[in-house]
Amino acid sequence: MSEQARRRPPKPYRKPKKDPVRMLAFEALRAVDERDAYANLVLPPLLRKAREAGDFDGRDAALATELVYGTLRRQGTYDAIVAACVDRPLREVDPPVLDVLALGAHQLLGTRIPTHAAVSASVELARVVLGDGRAKFVNAVLRKISQHDLDAWVERVAPPYDEDPEDHLAVVHSHPRWVVSALWDSLGGGRAGIEDLLEADNERPEVTLVARPGRSTTEELAAATETLPGRWSPYALRMAEGGEPGAIEAVKEGRAGVQDEGSQLVALALANAPLEGPDARWLDGCAGPGGKAALLAALAAERGAALLASEKQPHRARLVERALAGNPGPYQVIAADGTRPSWRPGSFDRVLVDVPCSGLGALRRRPEARWRRRPEDLDGFAPLQRGLLTEALRAVRVGGVVGYATCSPHLAETRVVVDDVLKRTGGAELIDARPLLPGVPALGEGPDVQLWPHLHGTDAMYLALLRRTA
């Protein structure tokens, strides 16, 4: 070192600059990791608080949303890439550091943010939330990642498809291997179909509105905001990107709501299934948080039928009450366990049980669920799902119809449950659900129906319709 260099005074310490967008994204990811929170519940209040503080405009909110959801959807791929750039197992890297690295990797590999901006913004974030020492580690890793684009990295870190198809797809499409295997079993077919499904899971879903019949119309909603027609449901509209459903008067008043089109189709199919005899009493046996119950109540009101909406958890029962408030027809909301019902057998003409499940059909909306669920979770759901369907069949009268629905395509939660309950209980038969979804293509061989994101643009809802025969 020269004498001049030794005499040069050290550079003054520069405090890191807080970037409100990336700080918010980091806070959301930490909530998901530390508290098992869901991003779709954590993010809206954080964005609202930032807007109220004057820190955000619409463009900032859009970027923060993309950073959170994009990072969560591609977390498995980014973890594999980060693992190739560090000299220790990922489990030995502190989770907050991994979150900063994943955010940086998404900016580098999944957005159009320039490389230098992605690295410098991530390092500044690391300085704020991790300290200068670990920020140097973040800087070194992200500079390695920036040397290749996403396709090149995937080619490096994913095993060849011919050697291990499931592990290849797991890394490329950022799903746990067991989820890839389960979805592939349910879907059937070759490589193209499963790749299309996994890609659809990583796309941002549209916001779909439902105009509750007798209370609102699709024309009213279309006049209130920019929309496209629904694909399959006569009550559906798809919102233009960036629309605010909460700002629509009909949504504020509960006359319309936000509801995936697959969920609408399940309710409509049950409501339109042919009956033998009266059609006066309907039951939603797993009604929380209330979307299907609100649509069923509106449909029942048009026919002069009454809906009983039952939900085990009191706080979710209150959400159902809120969703049904103002319905013109008779309805009642109770907090009750559908496996230990308070109603008499044979009391209802139509019964819906949208049972608790793994949620593998809604990975577009809750991308973090793919990393949170484990194969053994299905063993915990199995007795509940069978119990709810068994009691639903007891609750319906002879000639009445039961709809069994799940937001999961996993065979252990769909056909296996239905077949098992039918064998054990008897006195019921499957009816073909496909004609009750008019115009919807690719519904398979029946008689049950499995919807898919890549084929139908919906969540992967499953529906079996059963008629009580004895």
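It should be emphasised that the depicted structure is a prediction, and the values quoted were computed from it without experimental measurement. Each chain has its residues counted from 1, running along the sequence as written. Restriction of local features to residues with pLDDT of at least 70 applies here, the model being predicted, together with a cutoff of 80 or more for giving and counting side-chain atom pairs; totals for whole chains, interfaces and linings are based on all residues. Only hydrogens and water are removed before side-chain values are computed, so all heavy atoms of the structure are retained for them.

Student: Which residues make up the environment of Pro 20, and what are the values?
Tutor: Secondary structure elements are defined from DSSP: runs of H or I of at least 4 residues count as helices, runs of E of at least 2 residues count as strands, and each element is numbered from the N terminus. With respect to the helices and strands, the residue Pro 20 is situated in helix H2 (residues 20-35). Along the backbone, Pro 20 and Gly 193 are 173 residues apart, and their C-alpha atoms lie at a distance of 40 Å. Beyond its immediate stretch of four places on either side in the chain, Pro 20 contacts Asp 55 and Phe 56. Whether two residues are in contact is decided by their heavy atoms: any pair within 4.5 Å suffices.

Student: Quick rundown of the nonpolar core? Include the residues and the values.
Tutor: By size, the foremost hydrophobic cluster in this structure holds 53 residues, and its most contacted members are Leu 24, Phe 56, Val 68, Val 138 and Ile 145. Definition used in this section: a nonpolar core is a set of buried Ala, Val, Leu, Ile, Met, Phe, Trp, Tyr and Cys residues joined via side-chain atoms within 4.5 Å. Note on classification: 1.4 Å probe, protein chains only; a residue is buried when its accessible area is under 20% of the maximum for its type, exposed when over 50%, partly exposed between these limits. Among the nonpolar cores identified, the runner-up in size contains 43 residues, and Ala 273, Ala 294, Ala 405 and Val 449 belong to it.

Student: Outline the pairing of strand E3 (residues 236-239), supporting the account with residue identities and numerical values.
Tutor: A two-sided burial pattern is seen for E3, the buried positions comprising Ala 236 and Arg 238 on one face and Leu 237 and Met 239 on the other. Strand pairing is assigned whenever DSSP identifies at least 2 bridges connecting the two strands. Where strand E1 (residues 208-211) and E3 come together, three bridges link them in antiparallel fashion. Considered in E3, the bridge of Val 210 is made with Ala 236. Hairpin remark: strand E2 (residues 227-229) followed by E3, antiparallel, with six residues in the connecting loop.

Student: Any details on empty space enclosed by the protein? Residues and values, ideally.
Tutor: Site definitions follow a grid-based scheme: protein atoms alone, a 1 Å grid, a 1.4 Å probe that fits but cannot get out for cavities, and for pockets an open set with protein on both sides within 12 Å along at least five of seven lines, plus lining residues having an atom within 4 Å of a point. Grid points are joined across faces, edges and corners, and a volume is the space filled by probe spheres set on the points. In this structure the tally under the stated criterion is two cavities of 30 Å³ or more. Lining the largest cavity we find Glu 206, Thr 208, Arg 231, Arg 238, Asp 260, Glu 261, Arg 364, Arg 365 and Gly 457. Among the residues forming the lining of the largest cavity, the class breakdown is no nonpolar, two polar and seven charged. Roughly 40 Å³ of volume is contained in the second largest cavity. Ranked by the residues each element gives to the lining of the second largest cavity, the list is headed by helix H19 (residues 377-395), at four residues. Side-chain classes are defined by residue name, with Ala, Val, Leu, Ile, Met, Phe, Trp, Tyr, Cys and Pro counting as nonpolar, Asp, Glu, Lys and Arg as charged, and the others, Gly among them, as polar.

Student: For the side chain of Asp 201, give the residues involved together with the corresponding values.
Tutor: By the element assignment, Asp 201 lies in helix H12 (residues 191-201). Think of it this way: Lys and Arg go in the positive column, Asp and Glu in the negative one, and His and the chain ends go nowhere. Counted as salt bridges are all cases of a side-chain nitrogen of Lys or Arg within 4 Å of a carboxyl oxygen of Asp or Glu. As a buried residue without a salt bridge, Asp 201 has its nearest oppositely charged side chain in Arg 370, at a separation of 5.4 Å.

Student: Go over the packing of helix H3 (residues 39-52) against helix H4 (residues 58-73) with me, naming the residues and quoting the values.
Tutor: Lines fitted to C-alpha atoms define the axes, with helix axes restricted to the stretch in contact, and inter-axis angles between N-to-C directions lie between 0 and 180 degrees. H4 packs onto H3 with a crossing angle of 160° between their chain directions and a minimal axis gap of 11 Å. Judged by the angle between their axes, H3 and H4 are roughly antiparallel. For the element pair H3 and H4, the recorded crossing hand is right-handed. Each of Ala 39, Asn 40, Leu 43, Leu 47 and Arg 51 in H3 lies in contact with H4, whose residues at this interface are Ala 61, Ala 64, Thr 65, Val 68, Tyr 69 and Leu 72. Along the lines of polarity and charge, the residues of the contact of H3 with H4 split into eight nonpolar, two polar and one charged. Any angle that is under 35 degrees is reported as roughly parallel, and any over 145 degrees as roughly antiparallel; angles of 65 to 115 degrees are reported as roughly perpendicular and all others as oblique. Here a crossing is called left-handed whenever its near helix is offset anticlockwise from the far helix by less than a right angle, and right-handed whenever the offset is clockwise.

Student: Kindly report on the environment of Ser 186, identifying the contributing residues and their values.
Tutor: In this structure, Ser 186 sits in helix H11 (residues 177-187). Note on Ser 186: relative accessible area 17%, which makes it buried. Here the alpha-carbon distance between Ser 186 and Gly 58, two residues 128 residues apart in the chain, equals 40 Å. With residues up to four places along the chain from it excluded, the contact list for Ser 186 reads Pro 409, His 410, Leu 411 and Trp 452. Within polar-contact distance, the side chain of Ser 186 engages the backbone oxygen of Pro 409 at 2.6 Å. Pairs of N or O atoms within 3.5 Å make up the polar contacts considered here, provided that, within protein, one atom can donate a hydrogen while the other can accept it, and that residues adjacent in sequence are counted only when both atoms are side-chain atoms.

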